[in-house]
Each structure stands twice: as structure tokens, then as C-alpha cells.
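Commentary on secondary and tertiary structure
So you can see what is in the structure, the chains are spelled out below.
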Amino acid sequence: MTTMIKTGKGGFMNPYKQIRKVPLSTSDGVFSSAWSVQLESSKKKDNGWKEVGTVGRNYLLLPNQKVKEIADDIAEQCDIKFFEDRTFFNGKSYMYSLKSDNVIGEIEKGDDVALGLQFWNSYDGSRSFGWSLIMYRLVCTNGMMSKESFGTYRFKHEPQSENWEEDLEIMVNNINKASAGESYGVRNLIDNLKTLKKTEIDINLLGQIRHNYLDKIPTSLWGNIVDKFTGEDYKTNNGWDLLNASTDILWHREKPTVANYDQNSMIVDGLCNAIAS
């Protein structure tokens, strides 16, 4: 079954259409160092192909379908089982995430967290082909991203290169270590989340968090977060509730943006720096 992504105009988009890379040249026939990345299009005006970006000659360009196959292959080799969760594509940037139900930590009794994997790709050079660990709250499947705890790893070699299998082996080993509790980043984040759970958020602390740690979050988004945080779903008003009010909005949006995923990481790291560190 083909995955279709909802667009902002009420239509649907297939993230796995064919792509091609075409060298660019000037009017007098001189080739430049840039290449046009073109996505297969059924629209008559596009004549079969639509340009979605320009990249350098050495940019590691892979079709999203290949990225998904690589991600699924990595997940299959891991010690714990991962399941497909979310697929994002806006015509240029692509994200594919997988989640596990293997508990790696408990924030409080009955409130467990598990590991996930996230893979990125782009056709315009805005985000290199890479991956990172993420974390899921199992009771609601909110995804939590963190640049400070997990980092982001870029693929440096093509799947056809002699170094590819070595890269995959290192990657799988890192995931297995994290799932076995041997990753400092994972342990540190879980400890921070437990501290968030114990921290009551009053109006003064909420203001400090907003203006000192989350000042780059758009006002409209912050208003939605505070509205949810102070509503019926969250009764204890602690830091863990504030984080989950945020990730609930950002992770489950019907039509998310690249900025929403960046904001997810910004809020997780910002709250941990404000309260837990």
C-alpha cells in the first residue's frame, strides 16, 4: 500500500515518487557545479518532472524509498523490535520514524518510555541523510526529540560503498547499547524527565522557562501549549505535564512542518536545561 501524506491544500502527496538529478548549465552551455533535483510529477505543466531543489555535485542524494528501506533494514538487525510510526514529507524534506514498545525507563509507576529511531532526508540540501534516536512515552505515544541527549548522525557513505556495511554495524551497535541502558544520553534524559515530574510549575517558573529557555518558540504555539497544560488533561501542573502538553501538540499534528520537529527538540532540551540539569 502506497503511503500518502496530506498536504496543506487538502490534497495528498506520495513521498516515494522517482527522482532524478540533472546537471545545470548556463545559456552558453557551460555546466555549473550545481544540480537540479527533480521529482516525478503527474501535472501537465511539469512535463513529467518538477524541480524541488538544487544541490552540489557531491551531495549524497537518495530517493526517500531507499532511505525507508535502509531504516527498516537497520531496525530489523537490532536486538529489540521496532514498528513504523510516522512519515513526513513536504515535497522536499522527508522524515521516517519507528518506535519500540521495549521499556527502557519509568518516569513513575505505569508511565514508561521507550526508544525510537528517526531518519531524515531532503531533496534540496536542507537536511542531510541522517538519523537519530528519539524517545516515546508509551501511554500516549508522544515522540520526544533531543539534540543534546541524542545528537544527529549523518551518513557519509553511499549504500554501494565499501564502508557501508561497517557504518551499519556501528549504527546497530549504538542502538543496541542504548536499548540495553548503556547510553549516557538515554540515561541522562530519563533522569531529567523524572526531575521534571517532581517539579511544580507555578506562574513565576512558567515565565522564567518561557523567556529564558523557550523564547524562540512562536507566541501562537506557546499559547496553545499553555492552554493545553492548564486544561482538563493535566491536573498536577508539573514539568513532565508541560513537556507532554508540548509534544502532544507537536508530534500528533495532522499536517506538521519541519519547524514543528525542530521545536519538539527545542522544548525537550529547553525544559531539561531549565529545571532538570
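What counts, and where the lines are drawn
- Here the residue numbers are simple positions, counted from 1 along each chain's written sequence.
- Residue-level local features of this predicted model are given only where pLDDT is at least 70; pairs of side-chain atoms are given and counted only at 80 or more, and the full residue set underlies all totals for whole chains, interfaces and linings.
- Each side-chain value is worked out from all heavy atoms of the structure, with water and hydrogens disregarded.
- Each patch is built from residues that are more than 30% exposed by relative accessible area and take part in no salt bridge. Like charges join if they lie within 9 Å; nonpolar side chains (Val, Leu, Ile, Met, Phe, Trp, Tyr) join within 5 Å.
- Per-residue accessibility takes into account occlusion by the displayed protein chains alone, with areas from the Shrake-Rupley method and a 1.4 Å probe.
- Just to be clear on terms, a salt bridge is a Lys or Arg side-chain nitrogen sitting within 4 Å of an Asp or Glu carboxyl oxygen.
- The charged-residue count follows a simple rule in which Lys and Arg add positive charge and Asp and Glu add negative charge, with His and chain termini not counted at all.
- To locate a charge, take NZ of a lysine, CZ of an arginine, CG of an aspartate or CD of a glutamate.
- Secondary structure counts use DSSP, requiring at least four H or I residues in a row for a helix and at least two E residues in a row for a strand, with both numbered from the N terminus.
- Each residue is placed in one exposure class: buried if its accessible area under a 1.4 Å probe, protein chains only, is under 20% of its type's maximum, exposed if it is over 50%, and partly exposed if it falls in between.
- A pair of sulfur atoms, both from cysteines and within 2.5 Å, is called a disulfide here.

**A look at a negative patch on the surface**
A contiguous patch of negative charge on the surface is contributed by D73, E76, E165, E166 and E169. For the negative patch, the secondary-structure elements that each account for two or more residues are α1 (64-77) and α3 (164-179). Counting residues per element, the negative patch draws most heavily on α3, which supplies three residues. With respect to the helices and strands, the residue E165 is situated in helix α3. With a relative accessible area of 56%, E165 lands in the exposed category.

**Remarks on unusual backbone geometry**
For T141, which is not a glycine, the phi torsion comes out positive at approximately 55°. Within the secondary structure, T141 sits in the loop between β9 (130-137) and β10 (142-144). For T141, a relative accessible area of 27% corresponds to the partly exposed category. The residue N237 is not glycine, and still its phi comes out positive at about 55°.

**Comments concerning the state of the cysteines**
Tallying each qualifying case throughout the model produces zero disulfides. With no disulfide of its own, C140 has C272 as its nearest cysteine by sulfur position, at a separation of 16 Å. On the basis of relative accessible area, C140 is assigned to the partly exposed category, the value being 27%.

The quantities given are spatial measurements derived from coordinates; they are silent on function.
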